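An overview of the molecular structure
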Amino acid sequence: MATATASRLAVLAQRPLTPAPRRRRNAPAPGRAPSRPRALSAAPRGRVLCLAAPASAAASTTDAGQDRLQKVPISNIRNFCIIAHIDHGKSTLADKLLELTGTVQKREMKEQFLDNMDLERERGITIKLQAARMRYVMNKEPYCLNLIDTPGHVDFSYEVSRSLAACEGALLVVDASQGVEAQTLANVYLALENNLEIIPVLNKIDLPGAEPDRVAQEIEEIIGLDCSDAIRCSAKEGIGITEILDALVTKIPPPKDTSKDPLRALIFDSYYDPYRGVIAYFRVIDGSIKKGDKICFMANGKEYVADEIGVLSPNQMQVDELYAGEVGYLSASIRSVADARVGDTITHYSKKAAAALPGYSEATPMVFCGLFPIDADQFEELREALEKLQLNDAALKFEPESSSAMGFGFRCGFLGLLHMEIVQERLEREYNLNLIITAPSVVYRVNCADGETVECSNPSLLPEPGKRRSIEEPYVKIEMLTPKDYIGPIMELAQDRRGEFKEMIFITESRAKIIYELPLAEMVGDFFDQLKSRSKGYASMEYSLVGYRESQLVKLDIQINAEPVEALSTIVHRDKAYSVGRALTQKLKELIPRQMFKVPIQACIGTKVIASEALSAIRKDVLSKCYGGDITRKKKLLKKQAEGKKRMKAIGRVDVPQEAFMAVLKLEKEVL
Amino acid sequence: MLRLAFPLVSHLPARKPPPIRPRPPPARRYAASATATVSSSTSSPPSPPSLPPLSPSSAYVHLPFCRKRCHYCDFPIVALGSSSGTAPSRGEVADDPRIVDYVRLLLREVAATRPVSDDGVPLETVFFGGGTPSLVPPRLVAAVLDALRGRFGLSACPEVSIEMDPGTFDAAKLRELVGVGVNRVSLGVQAFQEDLLRSCGRAHGVEEVHEAVGIVTACEGLQNWSMDLISSLPNQTEEMWEESLRCTVDARPTHVSVYDLQIEQGTKFGQIKIQLLPPVTGHIHLFCAPQIHVLVQFGYTPGVFPLPSDTESANFYKIASKRLSEAGYNHYEISSYSKPGYECKHNLTYWQNRPFYAFGLGSASYINGVRYSRPRRMKEYAEWVQKLEDGTWSHESRSSDMKDMAMDVVMLSLRTAWGLDLQRFSKSFGKSLALSLCNTFKPFVESGLIIAMDMERQALPHLDFELDLQNEGDLGSKVAFIRLSDPDGFLLSNELISLAFGVISP
């Protein structure tokens, strides 16, 4: 059972996570596998005495799978990853590879699928990566195949680049009924930059709509990859899997034998285990590492003792030593993933490598939002939850923030929108927190009159108009791939979002790549949803930061009964201020219950009112009769009314229901 | 046999305070003291009976029979149909057995109810409410009164009220009722427009209204009667409302009750009905899912046509207040007006948070600090009476806490023109609570929804109120009472009272 639980984990890798302190909403039924992280840490870790054993001539592939911990010569190691767009079948293919190599039994696979994590299953995406060591025998020669999984989303492109750097080759999986998508493209280019051998695989050839020839041609045209011997497979039906395994062995070069050099191991993932501290996944690039070695992380200079090392196959199994070319994990009583960052280099304390591996970078949050507990009592719980998530997610940043409308909460920074949504959902699902989430914002650079430049991600902290000379905002270059039918609507969308047209290329006769540069702030809302809906789901996109540019930005304030509501302040482009102001005031008027007096609701830039609504006073709220002295029902109603008031936030003298804030924040996400 | 009826007291040795309450319950203390203080100025209520506080001196009797259910009514009633009582009867007609059976049950309840104290505090008020009590033959009303007299005693000149509907009585019947001791009539006129009466499902028309008013005003020995009106009926216009008020004033009742229509769920006005209809034609085949027709019928929404808008209906309230005041009526409670001295004593029991007995289907009593509502279904009520007789019914003794008592006091006293006695309130529930209440109300004193008054019940400028508040040490040195203003404060009473609830139970 423990093996089963851990097996799929290792592959589809569910991003490692801390166990939720409370019951999750979709807690597994009793008797089912326990939630993953716990299972992982509780899994009995097999102990294998690893000597450089001679290659055993296993009778069958499946039997070979059972010997997967045995060492093979470095020339027989293949490290690879799978590049695929969402839904193009990466997970299914990985499952099949594990199954066919006997790494995981078929029975276990199924169980694993059921135990898949809610969030990922719903979104059909793999957020974080892990690895699996497989043994495959070809021509009576045993090979060690290490699959290193990659996240498929642009928010995690740094993580992707690090896991690519741990490989010598990649399977490029493209849905034969769909074609190449923008994200795939971005990751293929990353792989090519890392000099990876790329093996094109056309998946889902069993589908009636599959056009492997067309898609092969598309890959050749777009990426310039020879597709003459592209493998045609159906991971679901198990077609072409052996061919893939053979191609991995024949096409991907083995790692260089640098096991005599000083140790350099590249961390491509790490997660926090509440019982053992951080578990780091790494690929030994040079040298070798033994259990008990005193090691050093080169980016932060911290030293540890490798208490435990092992391989992922796919559950963690301890070994004594790992050599150059091998992939494994280590545990060294590390407190937080921030101390074992992806991209960092592990070396020996006593025999340090001359230089760290290239490519390390710190996480820089791109998108910010405020998170406030609906129930003020949950503030501490929210802090604890964020701290726990941070143990596992070095890119998550947060600091306390308070607001008159929402009380105490946190301003949080994320790598991108998906990252933000994932964190929000995990807080709500796994920690049972009810949150108000402010409109996401980006980091503005304010050039002040005194020559100073201030970075500001919180509209309420924007320097006064008199103190600032100009505001700059981050711009992104966005590449959208779309069937040609949707070019019009997509360009319209980009124009609406203050996009600056750069280029359009027909990558095939029927598909175009459109490139725009637009403010990141315009993208953090519902841009992606809009792109999807305007292209009936066919378009895909990819973006990268291109730097800061000065924009005509203003701070839009909302005043309720002449009281400014900081939480609702936003930074908008001057041209959009009027329509946004109108939409916000109208929404508030709809949602704020009438009070005992007239309430003006205004949107202002500075002191200038640009949109105004008025909530008329309640005319009448009276219960007339106490039938036969029965006051209980009346009292109940009044108590209910009093309870309702308690749930509201007082803005000056006005009671504003939480829902009004939430709806407006949602609206801000939509209209901004 | 009756010992278990009120376990709070009955289980204990006489005269010892119940051990679960270390101190005398403050509500009663409040109520007792309130009775002693509210009567000192022009607009004061008639001097309340000076009785020991724990003994109820009022009794409510529920007579649930109606000819049919009105469209706005969600009360426990028994609809008799048009056969019974439509023709004003002198009692020669055989009494409806349902009424007789019910009154029998009622008498059993009276007999099984133990007086709260043995020191013979008589009843000062009796109120026959309904339903349509005027459908009950006078001799049966007399029987109930006799039973009450026998069990609890009746004072020398008690107020005995009965609700009567036009078309259910004649002069003789009224005379008979007055003969057995009824001395106050509450006439359920509701409107003076044929269309409105019909559309709200009343069992009478305008002609019966005028006839009934004639009978009541002509009845010798009946000086005290109330006209009941409902405002904000469907399709009611301002002109209609003015007309009803004019007719009311012309009829010269001593008391007027004006109820704003409340749309209650489960009534014809408020219903939301979802009905599954069988397929119109054909058989239901075994393997063929029958087509299901769904009928959804929605009731009225307050403020939405055909009901008057909020603005209109607030206006109706203001017009009533204006017209009736002009005609010499005091607006002494949110929905009650009276000529000086003709306040409904029975209802004052409620507003002053004093205890009262109650008998009959669905009725609510307030005895020994406990409010209890009887079952609303006849069968369950009958079973309950049986248990009461057997001594097997005991009221779960919910210890009503201070907060609830403070809420009762605020909610009830702010309904009246006398308002809330701040000193009494702070004595009973603490100075800090009284202070925070005043602080919460401060903006409304300023805006005029709430009026601060001195000991002589003279309205004070809001600045005096604020000064008094700053002087925390002796709150109430100047401000003695606060009340809701008429009509604006009354109109927003729910808002203001629920604000106070929020202060009492944060």
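Preceding block: the structure.
Residues numbered from 1 in each chain as written. Chains lettered and ligands numbered in written order. Predicted model: local features only at pLDDT ≥ 70, side-chain atom pairs only at ≥ 80, totals over all residues. Heavy atoms only, no water.

As for the sheet that holds strand S2 (residues 77-84) of chain A
Residues and elements named next belong to chain A. Pairing within the open sheet is mixed, and its 6 strands lie in the order S3-S4-S2-S5-S6-S7. This sheet does not close on itself; its edge strands, each paired only once, are strand S3 (131-138) and strand S7 (231-232). As paired strands, strand S6 (residues 197-203) and S7 are joined by 2 bridges and run parallel to one another. Paired with Val201 across the bridge in S7 is Ile231. Seen against the sheet, helix H8 (residues 182-193) touches S2, strand S5 (169-175) and S6 and runs at an angle of roughly 155 degrees to S2. (Pairing = 2+ DSSP bridges. Helix = DSSP H or I, 4+ residues; strand = E, 2+ residues; numbered from the N terminus. Contact = heavy atoms within 4.5 Å. Axes fitted to C-alpha atoms, helices over the stretch in contact; angles between N-to-C directions.)

A few points about the interface of chain A and chain B
Between chain A and chain B, the contact holds 27 residues from the first and 44 residues from the second. Contact between chain A and chain B buries roughly 3,500 Å² in total, counting both sides, with carbon and sulfur atoms accounting for 59%. Viewed at the interface, chain B and chain A are joined by 7 salt bridges. When the shortest N-O distance is used, the salt bridge between Asp408 of chain B and Lys635 of chain A registers 2.7 Å. In this structure, the connection of chain A to chain B is made through 14 residue pairs in polar contact (both at pLDDT 80 or more). A breakdown of the residues in the side of chain A that touches chain B according to their chemical character gives 9 nonpolar, 5 polar and 13 charged. (Buried area = accessible area lost by both parts, 1.4 Å probe. Salt bridge = Lys/Arg side-chain N within 4 Å of Asp/Glu carboxyl O. Polar contact = N/O pair within 3.5 Å; in protein donor to acceptor, adjacent residues only side chain to side chain. Nonpolar A, V, L, I, M, F, W, Y, C, P; charged D, E, K, R; others polar.)

Some points on the sheet that holds strand S13 (residues 357-359) of chain B
All names here are of chain B. Pairing within the open sheet is mixed, and its 9 strands lie in the order S11-S12-S8-S7-S6-S5-S4-S1-S13. A single partner strand is all that each edge strand has here, and the edge strands are strand S11 (330-333) and S13. Going across the sheet, the axis of each strand differs from the next one's by a mean of 20 degrees, ignoring polarity. In terms of strand pairing, strand S1 (residues 58-63) meets strand S4 (residues 123-130) through 6 bridges, oriented parallel. Within S4, the position partnered with Tyr60 by the bridge is Phe127. Across the sheet, helix H3 (residues 97-112) touches S1 and S13, and the angle it forms with S1 is around 155 degrees.

Topic: the nonpolar core
Judged by nonpolar contacts, the single largest core of 90 residues is most densely connected at Ile560 of chain A together with Phe425 and Phe441 of chain B. By residue number, the principal contributor to this core is helix H14 (residues 431-447) of chain B, which donates 8 residues. If we ignore the near neighbours within four places in the chain, the residues touching Ile560 of chain A are Val565, Leu588, Ile592, Val599, Pro600, Ile651, Val654 and Val656 of chain A. Counting residues in each nonpolar core, the second largest holds 85 residues, with Cys70, Ala112, Val141 and Leu388 of chain B among its members. (Core = buried A, V, L, I, M, F, W, Y, C linked by side-chain atoms within 4.5 Å. Buried < 20%, exposed > 50% of the residue type's maximum accessible area, 1.4 Å probe, protein only.)

A word on the pattern of salt bridges
Residues and elements named next belong to chain A. The full count for this structure, using the stated rule, is 55 salt bridges over all chains. Residue Glu218 pairs with Arg511 through a salt bridge whose shortest N-O separation is 3.4 Å. Of this pair, Glu218 sits in helix H9 (residues 212-223) while Arg511 sits in strand S26 (residues 511-519); the two residues are 293 residues apart in sequence, bridging distant segments of the chain. For the pair Glu218 and Arg511, a shared accessibility class is recorded, and that class is buried. Of the charged contacts in the structure, one is a salt bridge between Arg445 and Glu455, with a shortest N-O distance of 3.2 Å. Pair noted here: Arg445 is in strand S22 (residues 444-448) and Glu455 is in strand S23 (residues 453-456), with a separation of 10 residues, a long-range link. Under the relative-accessibility criterion, Glu455 is labelled exposed at 52%.

Let's talk about the packing of aromatic side chains
Applying the stated criterion across every chain yields a total of 23 aromatic pairs over all chains. Considering the side-chain rings of Tyr372 of chain B and Trp384 of chain B, the 5.8 Å spacing of their centres and the 20 degrees angle between planes classify their relative orientation as stacked. Pair noted here: Tyr372 of chain B is in strand S15 (residues 370-373) and Trp384 of chain B is in helix H11 (residues 378-390), with a separation of 12 residues, a long-range link. Taken as a pair, Tyr372 of chain B and Trp384 of chain B share a single burial class, namely buried. Across the ring face of Tyr548 of chain A, the terminal group of Arg445 of chain A is positioned such that the distance to the ring centre comes to 3.8 Å. The aromatic ring of Phe75 of chain B is capped on one face by Arg376 of chain B, whose charged end is 5.9 Å from the ring centroid. (Phe/Tyr/Trp six-rings, centres within 6.5 Å; stacked < 30°, edge-to-face > 60°. Lys NZ or Arg CZ within 6 Å of the ring centre and 35° of its normal.)

Quick word on a nonpolar patch on the surface
A contiguous nonpolar surface patch, about 270 Å² in accessible area, is contributed by Phe501, Met504 and Phe506 of chain A. Residue classification places Phe506 of chain A among the partly exposed residues on the basis of a relative accessible area of 44%. (Patch = residues over 30% accessible without salt bridge, like charges linked within 9 Å, V, L, I, M, F, W, Y side chains within 5 Å. Areas by Shrake-Rupley, 256 points an atom, 1.4 Å probe, with all protein chains shown as cover.)

Points about the packing of H14 of chain B against helix H15 (residues 462-470) of chain B
Residues and elements named next belong to chain B. The interhelical angle for the contact between H14 and H15, taken along N-to-C directions, is 160 degrees, at an axis separation of 10 Å. It follows from the interaxial angle that H14 and H15 lie roughly antiparallel. Relative to H15, H14 is oriented so that their crossing is left-handed. In this structure, H14 uses Leu435, Cys438, Asn439, Lys442, Val445 and Glu446 to contact H15, whose residues at the interface are His462, Phe465, Glu466 and Leu469. Residues of the contact of H14 with H15, tallied by class, amount to 5 nonpolar, 2 polar and 3 charged. (Parallel < 35°, antiparallel > 145°, perpendicular 65-115°, else oblique. Left-handed = near helix turned anticlockwise from the far one by under 90°.)

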